[in-house]
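Here's the letter readout for the chains.
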Amino acid sequence: MRLILLGPPGAGKGTQAQRLVQRHGIVQLSTGDMLRAAVAAQTPTGLIAKDIMASGGLVPDEVVVSIIADRIEQDDAKNGFILDGFPRTVPQAEALDALLKKKKLKLDAVIELRVNESALLARVEKRVAEMLERGESVRADDTPEVLSKRLANYREQTEPLVHHYSDKRKLITIDGMMPIEEVTAEIERVLAAVTKADETTQAAKRKVAAKRAASPSKAPKAAKKTSSKGAKAKVKSKAKSKARRVVKKATKKVAKKAIGKAAKKVSKSSSATRGGSKKKAAKAAGNRTGRAAKAVAGRGRKAAKKVAKRRSKPAKRLTKRR
C-alpha cells in the first residue's frame, strides 16, 4: 500500500501515519530523514545534497526525487510506504507521478485530513497558556504566530495538491477534527474499500486474459479465411481485366471492318451524291456497325465469364490445399 497524507500543520498527520505503519507493516518516509540518511551513507545523490545543504540552499526537487527513488527500492519499502513531507507542490507531485510510472508502481490513495484553521489556532493558544501556567518552557516553533505563518504557506504551496490528486481520482478527504480514534477508523474504512476495488479490477483483468488465452485459434482462422478470399478476388480481377481487353480489341476490329464496307457501297452507288441518298447510306452503315459492335460485346461478355470461371478454378484448388 502506497499512501500520501495531506493536511495543514497540526492536523494529526504524524499520529495517523504511525498507526498506519503499525497496522499495515509499511514504512513512513520523511524527506528530511531520507536526506540525512543519504548524506550519511555518502551516496552520489547524498553528496550533492550535502553540498547544497552546507551552503544553506534548498535541495532541488530532482535531487529529492532521486533520493526517494533509491529509498523505495529498499526491502522494507516493498510492502508499501507513506510519504511524509513530500510532495509539497504540484511540480513535486508531477515528478513523483513520473517516478512511480517509470518503476511501474501505483499510488493507492492520497488522504487529506481537513481541519478548521481557527480551531487549530485556538488549540495552540490553549496549550501554550497551560504550559506557561505550569512553568514549562514553550518551543519557539509552537506558538500561534508561527502556526499562522505555516498555515499560510500550506494554503499557498501545498493545498493545490488537493485539486491535483482529486483530478486523478486518488483523493480521500476525512474530517480531521474528529477524535483521533474516529479518524483512524474512518481511514481504515476507506482504505479497505480502495483495496477491495483494486482486487475486483485485477480479478476482471485476469478473467479477460484467461479468456483470450483459451481461444487463440480464432485469429489464425480469420486470417486464413481472409487470405483465401483475397486470392480468389485477385484471380477473378485478372480474368475480368483480360476479358475486357479482348472485347475492346474485337469491337474495334469489327467496327472498322463494317465502316469500310459501308464506305465502299456508298462510293459505288451513283445516286449517293444526290439528295438524302448519301445520308440514308451512311445511316444504314452506322446501324450495321452498331449491331456488329453489340454482337461482339455480347460474345465478349460470354468470353469474359468463361475466362473468369477458368481462372477461379486454380484459386479454389489453392484454397483447398491451404
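Residues numbered from 1 in each chain as written. Predicted model: local features only at pLDDT ≥ 70, side-chain atom pairs only at ≥ 80, totals over all residues. Heavy atoms only, no water.

## What to know about the pairing of strand β5 (residues 171-175)
Along any regular strand, the residues point their side chains to alternate faces of the sheet.
Then, in step 1: Only one face of β5 is covered, namely the one carrying Ile172 and Ile174; the face carrying Leu171, Thr173 and Asp175 has none of its residues buried.
Then, in step 2: In terms of strand pairing, strand β4 (residues 109-114) meets β5 through five bridges, oriented parallel. Bridge assignment links Val110 to a residue of β5, and that residue is Leu171. (Buried < 20%, exposed > 50% of the residue type's maximum accessible area, 1.4 Å probe, protein only. Helix = DSSP H or I, 4+ residues; strand = E, 2+ residues; numbered from the N terminus. Pairing = 2+ DSSP bridges.)

## Thoughts on the side chain of Thr143
Then, in step 1: Relative to the helices and strands, Thr143 resides in the loop between α6 (117-133) and α7 (144-158).
Then, in step 2: What makes Thr143 buried here is its relative accessible area of 18%.
Then, in step 3: Those residues in contact with Thr143 that lie beyond four places of it in its chain are Val124 and Val138. (Contact = heavy atoms within 4.5 Å.)

## Re the pattern of salt bridges
Then, in step 1: Applying the stated criterion across every chain, the model contains 13 salt bridges.
Then, in step 2: Across the salt bridge formed by Lys106 and Asp198, the nearest N and O atoms sit 3.1 Å from each other. Residue Lys106 is located in the loop between α5 (90-102) and β4, and its partner Asp198 is located in helix α9 (residues 180-214); the two are separated by 92 residues in the primary sequence.
Then, in step 3: Where Glu186 meets Arg189, a salt bridge forms, and the shortest distance between an N and an O atom there is 2.7 Å. Taken together, the residues span about one helical turn, with Glu186 and Arg189 both in helix α9 at a distance of three residues. (Salt bridge = Lys/Arg side-chain N within 4 Å of Asp/Glu carboxyl O.)

## Points about the confidence of the model for the protein chain
Then, in step 1: In this model, the protein chain carries an average pLDDT of 77, and 67% of its residues clear a pLDDT of 70 or more.
Then, in step 2: Element-level pLDDT for the protein chain is lowest in helix α11 (residues 277-321), with a mean of 52, against a maximum mean of 95 in β5.
Then, in step 3: Long-range and interchain partners of residues 270-276, a stretch whose pLDDT sits below 50, account for four contacts in this model, where long-range means more than four residues apart.
Then, in step 4: Counted against residues more than four places away or in other chains, residues 318-322, with its pLDDT under 50, gives four contacts. (pLDDT = per-residue confidence, 0-100.)

## Remarks on the nonpolar core
Then, in step 1: Core analysis: the largest hydrophobic core is formed by 32 residues, its most contacted members being Ile4, Ile68, Leu96 and Tyr165.
Then, in step 2: For this core, the secondary-structure elements that each account for two or more residues are β1 (2-6), β2 (27-30), α2 (31-41), α3 (44-54), α4 (61-71), β3 (81-84), α5 and α8 (160-167).
Then, in step 3: Apart from residues lying up to four places away in sequence, Tyr165 is in contact with Ile4, Pro87, Ala93, Leu96, Asp97, Leu107, Val110, Lys170 and Leu171.
Then, in step 4: In terms of nonpolar packing, the next biggest core, distinct from the first, is built from 23 residues, Ala11, Ile82, Ile172 and Ile187 among them. (Core = buried A, V, L, I, M, F, W, Y, C linked by side-chain atoms within 4.5 Å.)

## Here we look at α3
Then, in step 1: Listing the buried residues of α3 in full gives Thr45, Gly46, Ala49 and Ile52. Angularly, the buried residues of α3 cover 125° about the axis, an arc narrow enough to put them on a single face. Across α3 from its buried face, at more than 90 degrees, point the exposed residues Pro44, Asp51 and Ala54. (Arc of directions from axis to C-beta.)

## Digging into the environment of Asp108
Then, in step 1: Among the structural elements, Asp108 can be located in the loop between α5 and β4.
Then, in step 2: Along the chain, Asp108 and Thr195 lie 87 residues apart, while their C-alpha atoms are 8.3 Å from each other.
Then, in step 3: Beyond its immediate chain neighbours, meaning those up to four positions away, Asp108 contacts Met1, Arg2, Leu3, Lys170, Val194 and Asp198.
Then, in step 4: Reaching out from Asp108, the side chain makes a polar contact with the backbone nitrogen of Arg2 at a distance of 2.7 Å.
Then, in step 5: A distance of 2.9 Å separates the side chain of Asp108 from the side chain of Lys106, its partner in a polar contact. (Polar contact = N/O pair within 3.5 Å; in protein donor to acceptor, adjacent residues only side chain to side chain.)

## Description of the sheet that holds β3
Then, in step 1: In spatial order, the strands read β2-β3-β1-β4-β5; together these five strands make up an open sheet with parallel pairing. This sheet does not close on itself; its edge strands, each paired only once, are β2 and β5. In this sheet, neighbouring strand axes are inclined to one another by 25° on average, regardless of whether the strands run parallel or antiparallel.
Then, in step 2: The pairing of β1 with β3 spans three bridges and is classified as parallel. Across the sheet, Leu3 pairs through a bridge with Ile82, a residue of β3.
Then, in step 3: With respect to the sheet, helix α1 (residues 13-24) is in contact with β1, β2, β3 and β4, its orientation differing from that of β1 by roughly 165°. (Axes fitted to C-alpha atoms, helices over the stretch in contact; angles between N-to-C directions.)

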